[in-house]
Amino acid sequence: MSDKSHNELPIGVFDSGVGGLTVLKAIRETLPNENLVYLGDTARLPYGTKSPASIERYATQAAERLQQEGIKLLVVACNTASAVALGALRAALDPLPVVGVVEPGATAAVEARPGGRHLVLATEATVGLHAYRDAIAGRDAGAEVREKACEMLVALAEEGWSDGEIARAIVRRYLCEAGGARTDTIILGCTHFPLLIDTIRAVAAADAVLIDSASTTAGFVAAALETDGARRSGRSPGTLRLLATDGVTRFARVGGRFLGHGMSDRDVELIDL
Ligand code: DGL
């Protein structure tokens, strides 16, 4: 049932840091009049090398903080938190709808190449739990999945070294260690990797489809709001609040690259969880 004041509430978007801004950007493009609040848990970044127990605890605290702000839907815009904690978050926040990024990414890969060979590039935690492998197997029994943890790519994206010789050499080594560049799709299973898409494309086999789950996730969010009758009405552009648990200056500097436009540290609120 549609309720106007409920529909005015923002969509909460959460990531371990600035990487989820790639998902936020896609949501803004798909749903330009929705209000948004983004929380980057920069104090505890990276999640990808932490234990599942710590990741679940951090993700739950961040998600509950957004719930307290008043949101109508939560997007877990972090592959690692989606892989480890989606079920726990859904249970903790019930009845709030929660959308993760792994299911949309797996769906996009299977739709792009049914029965195909997929290579997942992700963090150690996401690979350790085989989150994409299982999500793809659930959708396409004929699919083949290889997974490769690529922690160095997170650092490259943060540093702004997403192209050039060093980035290409590192991507080449990861693809080689994953069994070679021949694959039908390469799934960018980490929020940071869309920044390296041109470098990955240059190194990968020419016919490999690169899967970035951001736009598919935005589609899942739109569908969930539609199902709940929770779309904000009117045409006025939605608002955006940015929250970070540490380093607002760095958040603004690095985050601008992920969001696609510059921001200043005055645009980011420092919070404690
Ligand atoms: N946001 C994380 C992900 O998508 C990458 C950064 C981290 O390890 O926290 O997996």
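For the structure itself, consult the block above.
Residues numbered from 1 in each chain as written. Predicted model: local features only at pLDDT ≥ 70, side-chain atom pairs only at ≥ 80, totals over all residues. Heavy atoms only, no water.

Caption draft 1: Inspection of the site of the ligand at higher detail. Around the ligand, the structure places 13 residues, and the nearest of them are Asp15, Ser16, Tyr47, Gly48 and Thr80. Within the side chain of Thr191, an N or O atom sits 2.9 Å from a nitrogen atom of the ligand. Look at the ligand: alone it shows 290 Å² of surface, and the protein chains cover 100% of it. With respect to the pocket detection grid, the ligand is positioned in the largest cavity. (Near = heavy atom within 4 Å. Polar contact = N/O pair within 3.5 Å; in protein donor to acceptor, adjacent residues only side chain to side chain. Areas by Shrake-Rupley, 256 points an atom, 1.4 Å probe, with all protein chains shown as cover. 1 Å grid on protein atoms, 1.4 Å probe; cavity = no way out; pocket = protein on both sides within 12 Å on 5 of 7 lines; lining within 4 Å. Sits in = over half its atoms within 2 Å of the grid points.)

Caption draft 2: Seen up close, empty space enclosed by the protein. With the rule as written, the count across this model stands at 2 cavities of 30 Å³ or more. What the largest cavity holds in volume is close to 110 Å³. Lining of the largest cavity is provided by 15 residues; of these, Ser16, Thr80, Thr123, Cys190 and His192 occupy positions nearest its centre. For the lining of the largest cavity, the secondary-structure elements that each account for two or more residues are helix H4 (79-93) and helix H8 (151-159). When its residues are assigned to classes, the lining of the largest cavity shows 6 nonpolar, 7 polar and 2 charged. Put simply, the second largest cavity is a space of about 40 Å³. Residue lining of the second largest cavity: Thr22, Val23, Asn79, Leu188, Cys190, Thr191, Pro194, Asp212, Ser213 and Ala214, and that is the complete set. (Points joined across faces, edges and corners; volume = space filled by probe spheres on them. Helix = DSSP H or I, 4+ residues; strand = E, 2+ residues; numbered from the N terminus. Nonpolar A, V, L, I, M, F, W, Y, C, P; charged D, E, K, R; others polar.)

Caption draft 3: Seen up close, unusual backbone geometry. Of note, the amide linkage connecting Leu45 to Pro46 takes the cis form, showing an omega dihedral of -5°. Secondary-structure assignment places Pro46 in the loop between strand S2 (36-40) and helix H3 (52-69). With an omega of 10°, the peptide bond between Asp94 and Pro95 qualifies as cis. Structurally, Pro95 is set in the loop between H4 and strand S4 (98-100).

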